[in-house]
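# Descriptive analysis of the structure
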Amino acid sequence: MTTNELELAFEQAYGCKAEKMYFAPGRVNLIGEHTDYNGGCVFPCALSFGAWLLIAKNEDKELRFRSLNMPQTYEIPLDAIKPQPDRAWCNYALGCIDIIARRGGKLTSGYNLLYYGNVPAGAGLSSSAAMEVVTARAFTEEMNYVLHDDKAYRTELAKIGQACEHEYAGVMCGIMDQFASAQGKKDHAIYLNCDTLEFEHVPVKLEGIKVVITNTHSPHHLDSGAYNDRVRQCHTAVEQISKVHPIKFLAELTPDDWKEVEGSITDPIAKKRARHVVGEVARTAEAVEALKQGKIERFGELMTASHVSLRDDYEVTGPELDALAEAAWQVTGVLGSRMTGGGFGGCTVSLVRDEAIDQFKAFVGAEYEKKTGLKADFYVAEIGDGVMRLL
Ligand code: ADP
Ligand code: MG
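This section reports on the structure supplied with the text. The shown structure was predicted, so the numbers you read here are calculated from the model rather than taken from an experiment.

Quick look at the overall build of the protein now. When you go through the protein residue by residue, the secondary structure sums to 11 helices and 13 strands. Taking 391 residues into account, the globule formula puts the C-alpha radius of gyration at 21 Å, and the protein, at 21 Å, falls close to it. The principal-axis extent of the C-alpha atoms belonging to the protein is close to 65 × 50 × 40 Å. A burial count over the protein gives 58% of its 391 residues as buried. In the protein, of all internal contacts separated by at least 6 residues, the share reaching a separation of at least 24 is 72%.

Our next topic: the nonpolar core. Among the nonpolar cores identified, the biggest contains 50 residues, and Ile55, Leu63, Phe65, Leu113, Tyr115, Phe139 and Leu192 are the most heavily contacted of them. Sequence-distant contacts of Tyr115, that is, excluding residues within four places in its chain, are made with Trp52, Leu53, Phe65, Arg66, Ser67, Leu68, Asn69, Trp89, Ala93, Met131, Val134 and Thr135. Of all hydrophobic cores here, the second largest spans 32 residues; its members include Val28, Ile213, Ala287 and Phe299.

What follows concerns empty space enclosed by the protein. Applying the stated rule across the entire model yields one cavity of 30 Å³ or more. Residue lining of the largest cavity: Leu30, Val204, Leu206, Val211, Leu291, Phe299 and Leu351, and that is the complete set. Of the residues in the lining of the largest cavity, the class split is seven nonpolar, no polar and no charged.

Take the environment of Asn118 next. Within the fold, Asn118 resides in the loop between strand 6 (110-117) and helix 3 (127-142). Taking the C-alpha atoms as reference points, Asn118 and Leu192, separated by 74 residues in sequence, lie 25 Å from one another. Apart from the residues within four sequence positions on either side, Asn118 is in contact with Phe49, Gly50 and Trp52. Among the polar contacts made by the side chain of Asn118, one reaches the main-chain amide nitrogen of Gly50 at a distance of 2.8 Å.

Here we take up the state of the cysteines. Considering all chains together, one arrives at zero disulfides under this definition. Cys41 takes part in no disulfide bond, and the closest cysteine sulfur to it belongs to Cys194, at a distance of 7.4 Å. Overall, Cys41 belongs to the buried group, its relative accessible area being 16%. Between Cys96, a free cysteine, and Cys164, which holds the nearest cysteine sulfur, the sulfur-to-sulfur gap is 3.8 Å. Relative accessible area serves as the criterion here: at 0%, Cys96 is assigned to the buried category.

Attention shifts here to the site of ligand 1. Around ligand 1 sit Ser67, Asn69, Met70, Trp89, Tyr92, Tyr116, Gly117, Gly124, Ser126, Ser127, Ser128 and Met131, and that is every residue in its neighbourhood. Gly117 places a polar main-chain atom, nitrogen or oxygen, 3.4 Å from a nitrogen atom of ligand 1. Here Ser127 contributes a side-chain N or O atom positioned 2.7 Å from an oxygen atom of ligand 1. Coverage of ligand 1 by the protein chains reaches 75% of its 570 Å² of free accessible surface. Contributing elements (two or more residues each) for the shell around ligand 1: strand 6 and helix 3. No other element matches the three residues that helix 3 contributes to the shell around ligand 1. A breakdown of the residues in the shell around ligand 1 according to their chemical character gives five nonpolar, seven polar and no charged.

All right, on to the layout of surface pockets then. The volume enclosed by the second largest pocket comes to roughly 180 Å³. The biggest single contributor to the lining of the second largest pocket is strand 9 (residues 209-215), with three residues. When grouped by side-chain class, the residues that make up the lining of the second largest pocket number seven nonpolar, no polar and four charged.

Okay, the sheet that holds strand 8 (residues 199-203) next. Hydrogen bonds between backbone atoms are what pair the strands of a sheet, whose relative direction is either parallel or antiparallel. Judged by pairing direction, the sheet is antiparallel, and its three strands sit side by side in the order 2-7-8 without closing on themselves. Looking at which strands have only one partner, the edges of the open sheet turn out to be strand 2 (41-42) and strand 8. Strand contacts of helix 8 (residues 268-292): strand 2, strand 7 (188-193) and strand 8, with the helix running at about 45° to strand 8, the strand carrying the most contacts.

Next up on the list: unusual backbone geometry. Look at Lys61: it is not a glycine, yet its phi comes out positive at around 50°. If you trace the backbone, Lys61 turns up in the loop between strand 3 (44-58) and strand 4 (62-67). Overall, Lys61 belongs to the exposed group, its relative accessible area being 51%. Residues other than glycine seldom take positive phi values, yet Ser126 does so here, at roughly 70°. Judged by relative accessible area, which is 8%, Ser126 ranks as buried.

Okay, the pairing of strand 8 next. With five bridges joining them, strand 7 and strand 8 adopt antiparallel strand pairing. Pairing of Ala189 across the sheet is with Val202, part of strand 8.

Moving on: helix 6 (residues 224-242). With 19 residues, helix 6 extends 27 Å between its outermost C-alpha atoms, agreeing within 8% with the 27 Å of an ideal straight helix rising 1.5 Å per residue. Among all positions of helix 6, only Ala226, Arg230, Gln233, Cys234, Ala237, Val238, Gln240 and Ile241 are buried. Looking at the buried side of helix 6, the elements it contacts are helix 7 (255-261) and helix 8.

Rules and cut-offs
- Residues numbered from 1 in each chain as written.
- Chains lettered and ligands numbered in written order.
- Predicted model: local features only at pLDDT ≥ 70, side-chain atom pairs only at ≥ 80, totals over all residues.
- Heavy atoms only, no water.
- Helix = DSSP H or I, 4+ residues; strand = E, 2+ residues; numbered from the N terminus.
- Rg over C-alpha atoms; globule rule 2.2 N^0.38 Å.
- Buried < 20%, exposed > 50% of the residue type's maximum accessible area, 1.4 Å probe, protein only.
- Contact = heavy atoms within 4.5 Å.
- Core = buried A, V, L, I, M, F, W, Y, C linked by side-chain atoms within 4.5 Å.
- 1 Å grid on protein atoms, 1.4 Å probe; cavity = no way out; pocket = protein on both sides within 12 Å on 5 of 7 lines; lining within 4 Å.
- Points joined across faces, edges and corners; volume = space filled by probe spheres on them.
- Nonpolar A, V, L, I, M, F, W, Y, C, P; charged D, E, K, R; others polar.
- Polar contact = N/O pair within 3.5 Å; in protein donor to acceptor, adjacent residues only side chain to side chain.
- Disulfide = S-S within 2.5 Å.
- Near = heavy atom within 4 Å.
- Areas by Shrake-Rupley, 256 points an atom, 1.4 Å probe, with all protein chains shown as cover.
- Pairing = 2+ DSSP bridges.
- Axes fitted to C-alpha atoms, helices over the stretch in contact; angles between N-to-C directions.
- Expected span 1.5 Å × (residues − 1).

See the structure below:
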């Protein structure tokens, strides 16, 4: 879809011209998985896939929602803004508007809204965060709630999106997805501490190498039960370690500390989970350093080590993600490959040399189909900017 086509679609839907247009990206996490809620860092980047939003005021004191991706439409009076039942897709937008109002924004008019997204559905590349952040960007402007400092403003957009996801979608997510969508920068990844929200843009200069995302198209995903189990097991580890070495988060431990404290964890499952977190925090720091020094091979090795740890210690990969990663590791010209996102379904992310990309797609695709009966999809990622106004 071009922006012209989107403007035309808006006119067809509402019989008037769009006044403004915005875009916010989806994201992929390069390394640092299941570290966020353990006080550790993540390393995501914004993609060129994302969500577009076109808006125009209306005279009817009503928010009208349409999406080119969804058949349902919604009309919500301004004085009746609350979560809608049956997993209505408008919740991801309505929640942002509600939260901006509660933070001091003023909604004085009705609006016609049209969304379009091209983040592959169900792939764990955060179509929901893209939709939230694009809505937060548009309506902070309409509702006169823009912060002057651009960096602080973008962080605020991420917080609005996260609050919406918690309150209107019922998903108790961390802030990584919305943060990447708001603070993304072309050809950079974001080294982010999810606890303090301190972050750094790190250039991803990959000469002759591409970031390739492979979609399992698996129906499995990390459900809230399995997620909450992991959160609890990490908590158990913190409690048991704290008897000998007081900590608030597992991410405070270095690999050297780990050798001293691991004996204090009596629960064998909690011990495995904690070993992943401590290792992953160290791997993420080392990977960022390797990238800064141009040691891309090392970055790739650390991605692969991350997958192994998520498979063996954190146990969130499952047969589909393992089939993709293990096939990728066999291809000459692959520097590293790992699952990305929560796990069990979704995507892997791989670093692949330009000349190996065709072979990568052919071999990984064939191996994957042989092992799982499913067809994988491949996207060569472009690392793009965070949320922006287009019109
Ligand atoms: P993801 O991992 O892609 O974020 P989620 O399940 O968190 O997956 O969010 C997907 C949901 O977000 C969809 O079911 C829909 O409700 C909403 N959504 C995302 N993009 C759009 C869009 N372009 N139009 C309408 N709803 C969307
Ligand atoms: Mg989501």
